[in-house]
Amino acid sequence: MEPSAGEQALFFVNNVWMILATILVFAMHLGFATLEAGLSQAKNTVNVLFKNLCVVAIGLLTYAGVGFSLMYPGAEFAGQLGGFAGFGLHPPANAESISYANGAYTYWTDFLFQGMFAATAATIVSGAVAERVRLGSFLLFSTVFVALVYPIAGMWLWGGGWLAARGFHDFAGSTIVHGVGGWGALAGVLVLGPRIGKYRTTQVRDETGETRLVTKTIPMRGHSMPLATIGVFLLWFGWFGFNGGSVLSADPGVISRVLVATCIAAAGGIVTAVGASWLVQGKPDLSMSLNGALAGLVAVTAGADLLEIGAALGIGLAAGMLVVFSVMLLDRLRLDDPVGAISVHLVCGAWGTLALGLFVSDVSFVEQLIGVGAVAVLAFPSAMLIMKALDRGPGMRVSADEEQRGLDIEEHGAQAYVGLGGLG
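Residues numbered from 1 in each chain as written. Predicted model: local features only at pLDDT ≥ 70, side-chain atom pairs only at ≥ 80, totals over all residues. Heavy atoms only, no water.

As recorded by an unreviewed UniProt entry, the protein chain carries the name Ammonium transporter and is attributed to Enhygromyxa salina. Annotation of the protein chain in UniProt includes, under Sequence similarities (unreviewed entry), the sentence "Belongs to the ammonia transporter channel (TC 1.A.11.2) family." (UniProt positions renumbered as here; feature names shortened; annotations may be inferred.)

Encoded structure:
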């Protein structure tokens, strides 16, 4: 039976919206690039931008080669741990017709939208390992991680796997995307260790005359807060597609509600991050406040489709405080994360996923906890294994001399700011 003119029009509108959402998610990669560049030292800017450019290519090509088939292997693998539909893209006979996804989008739109998500997982890792990771090793890690680890996690839920069968809910990827990237970021920070000069240990004598070792965190300021701020606004802009597109149709009511919940959570994250950093540090901290916005966005992503607006605000408010104290705790533990990626994506992603079990009666907290734990068991050991193998081979970290001179000159033979060699 031929679809009616009305059905064809709706198919057109749905598909156009999904393409626009894909474009918005693509813009997030520019946001990641400028945020990471702004929070890094000037001598590493070319390296940061190069990594973020390559990650998009790696994400799309590996997703086309194996990722899409791993993530969506077919109905015969429903409820299972994994499956594989074969190498490359295999468009079905109805790939471009209204019957592919019940009039929501075409096969090609489906692939491209999901492919943009795949690249995000490696981009999260990039920020955490910035300023000391060897370029070739990072690109090899990203290729394996995005090709294999992320799609398996995605299959468990969005591909109809065992987490979907249990009732785990993660609307747009607080755990499936941000959690996977966050666990990879934590592995990278542990394998690489801190940047030279980030932590200084000295002996101090107390009033009793005894000496003890005290470790002090030395601020390594990003070279361009305007760039970092532009990055956060671009990421927020892209989140309209990240969450709005995850509705998987142009349903006006659901999209509107999802986007309001998304923005309210981001605003709440800013308010509490400003307040917490101001209270603890004595002055308002812009970088903490920017991460507060991202914390709210990441946290609400798990349940933007289910949450009442008040609950979305509560999740965002909690995330803003959580990210500030998480960044401070990681520094105490000597875990050097230049952009706060672990705190934003891993910690706040887990919080937002678990919070659904507290705020939404139809979502089981236990199942949410199982989902967060399962992704941790998959992503963290996998990332550690890949990085340890690379560390034994080409090496994960540049030499001390290369790090101090800057990765732009050492890895690329170029400078971002020609004639401004005095920038640190």
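Now that the structure has been shown, the text picks up again.
Draft legend 1. A look at the overall build of the protein chain. Each helix and strand in the protein chain was counted, giving 14 helices and two strands. Computed over its C-alpha atoms, the radius of gyration of the protein chain comes to 22 Å, within 12% of the 22 Å expected for a compact globule of 424 residues. Its C-alpha atoms give the protein chain principal-axis dimensions of about 85 × 45 × 40 Å. Within the protein chain, the proportion of its 424 residues that are buried is 56%. When contacts within the protein chain are restricted to residue pairs at least 6 apart in sequence, those whose partners lie at least 24 apart make up 75%. Summing over all exposed atoms, the protein chain offers an accessible surface of approximately 17,400 Å²; the carbon and sulfur share of this is 66%. Positive and negative charge centroids in the protein chain, built from 20 and 27 side chains respectively, lie 15 Å apart. (Helix = DSSP H or I, 4+ residues; strand = E, 2+ residues; numbered from the N terminus. Rg over C-alpha atoms; globule rule 2.2 N^0.38 Å. Buried < 20%, exposed > 50% of the residue type's maximum accessible area, 1.4 Å probe, protein only. Contact = heavy atoms within 4.5 Å. Areas by Shrake-Rupley, 256 points an atom, 1.4 Å probe, with all protein chains shown as cover. Lys, Arg positive; Asp, Glu negative; His and termini not counted. Charge placed at Lys NZ, Arg CZ, Asp CG, Glu CD.)

Draft legend 2. Structural view of the packing of helix α9 (residues 286-300) against helix α11 (residues 341-359). Between α9 and α11, the shortest axis-to-axis distance is 8 Å and the interhelical angle comes to 40°. Viewed along their axes, α9 and α11 adopt a mutual orientation that is oblique. Read as a crossing pair, α9 and α11 show a hand that is right-handed. Across from Asn291, Leu294, Ala295, Val298 and Ala299 in α9, the residues of α11 making contact are Val344, His345, Cys348, Gly349, Trp351 and Gly352. Of the residues contributing to the contact of α9 with α11, the split by class is seven nonpolar, four polar and no charged. (Axes fitted to C-alpha atoms, helices over the stretch in contact; angles between N-to-C directions. Parallel < 35°, antiparallel > 145°, perpendicular 65-115°, else oblique. Left-handed = near helix turned anticlockwise from the far one by under 90°. Nonpolar A, V, L, I, M, F, W, Y, C, P; charged D, E, K, R; others polar.)

Draft legend 3. Examining helix α8 (residues 252-281) more closely. Helix length check: α8, at 30 residues, gives a terminal C-alpha distance of 43 Å against a target of 44 Å (1.5 Å per residue), a fit within 8%. You can read the cap of α8 off the contacts: a side-chain oxygen lies 3.1 Å from the backbone nitrogen of Gly253, and it is on Asp251. Gly282 sits one or two residues past α8 and shows a positive phi near 85°. (Expected span 1.5 Å × (residues − 1). Polar contact = N/O pair within 3.5 Å; in protein donor to acceptor, adjacent residues only side chain to side chain.)

Draft legend 4. Highlighting the state of the cysteines. Applying the stated criterion to the full structure yields zero disulfides. Cysteine Cys263 shares no disulfide, and the gap to the nearest cysteine sulfur, in Cys348, comes to 17 Å. Among the residues examined, Cys263 registers a relative accessible area of 22% and is labelled partly exposed. (Disulfide = S-S within 2.5 Å.)

Draft legend 5. The arrangement of the side chain of Thr262 in detail. Looking at the element boundaries, Thr262 is found in helix α8. Of the residues examined, Thr262 reaches a relative accessible area of 2% and is grouped as buried. Among the polar contacts listed, one links the side chain of Thr262 to the side chain of Asn243, at a separation of 2.9 Å. A distance of 2.7 Å separates the side chain of Thr262 from the backbone oxygen of Val258, its partner in a polar contact. When near neighbours in sequence (up to four residues on either side) are disregarded, Thr262 contacts Trp239, Asn243, Leu297, Val300 and Ala304.

Draft legend 6. Representation of α11 in the model. The end-to-end C-alpha separation of α11 is 25 Å, in line with the 27 Å expected for 19 residues at 1.5 Å each. The sharpest bend along α11 measures roughly 25° and falls at Cys348. Among the 19 residues of α11, 15 are classified as buried, and the element is accordingly described as predominantly covered. (Bend = angle between axes of the 7 residues up to and from the residue.)

Draft legend 7. Highlighting the environment of Met155. Here Met155 shows up in helix α4 (residues 135-157). In this structure the C-alpha to C-alpha distance between Met155 and Met71, which are 84 residues apart in sequence, comes to 4.2 Å. Contacts of Met155, omitting those with residues within four sequence positions, involve Leu70, Met71, Pro73, Phe77, Gln80, Leu81, Gly82, Gly160 and Gly161.

Draft legend 8. Looking closely at a nonpolar patch on the surface. A cluster of nonpolar side chains, contributed by Phe12, Val13, Val16, Ile19, Leu20 and Ile23, occupies part of the molecular surface with about 530 Å² of accessible area. Inspection of the secondary structure puts Val13 in helix α1 (residues 5-38). (Patch = residues over 30% accessible without salt bridge, like charges linked within 9 Å, V, L, I, M, F, W, Y side chains within 5 Å. Salt bridge = Lys/Arg side-chain N within 4 Å of Asp/Glu carboxyl O.)

Draft legend 9. Examining the packing of aromatic side chains more closely. For the coordinates displayed, the defined rule picks out 16 aromatic pairs. Seen from their ring centres, Phe84 and Phe87 are 5.0 Å apart, and the 75° between their planes marks the pair as edge-to-face. Take Phe87: its relative accessible area is 63%, and that puts it in the exposed class. Summarising the aromatic geometry, the rings of Phe113 and Phe117 are spaced 4.9 Å apart at their centres and angled 55° between planes, so their arrangement reads as tilted. Of this pair, Phe113 and Phe117 both sit in helix α3 (residues 107-128), four residues apart, roughly one helical turn. The exposure class assigned to Phe113 is buried, which follows from its relative accessible area of 2%. Three or more aromatic residues joined by ring pairs form one cluster here, namely Tyr63, Phe68, Tyr72, Tyr100, Tyr105, Tyr107, Trp108 and Phe111. (Phe/Tyr/Trp six-rings, centres within 6.5 Å; stacked < 30°, edge-to-face > 60°.)

Draft legend 10. Broad picture of the packing of α4 against helix α12 (residues 365-392). At a closest axis distance of 10 Å, the pairing of α4 and α12 adopts a crossing angle of 160°. Between α4 and α12, the angle falls in the class roughly antiparallel. Once α4 is placed against α12, the crossing between them reads as right-handed. Listed contacts from α12 to Ser137, Leu140, Phe141, Val144, Phe145, Val149, Ile152, Ala153 and Trp156 of α4 are Ala374, Val375, Leu378, Ala379, Ser382, Ala383, Ile386, Met387 and Leu390. Class assignment for the residues of the contact of α4 with α12 results in 16 nonpolar, two polar and no charged.

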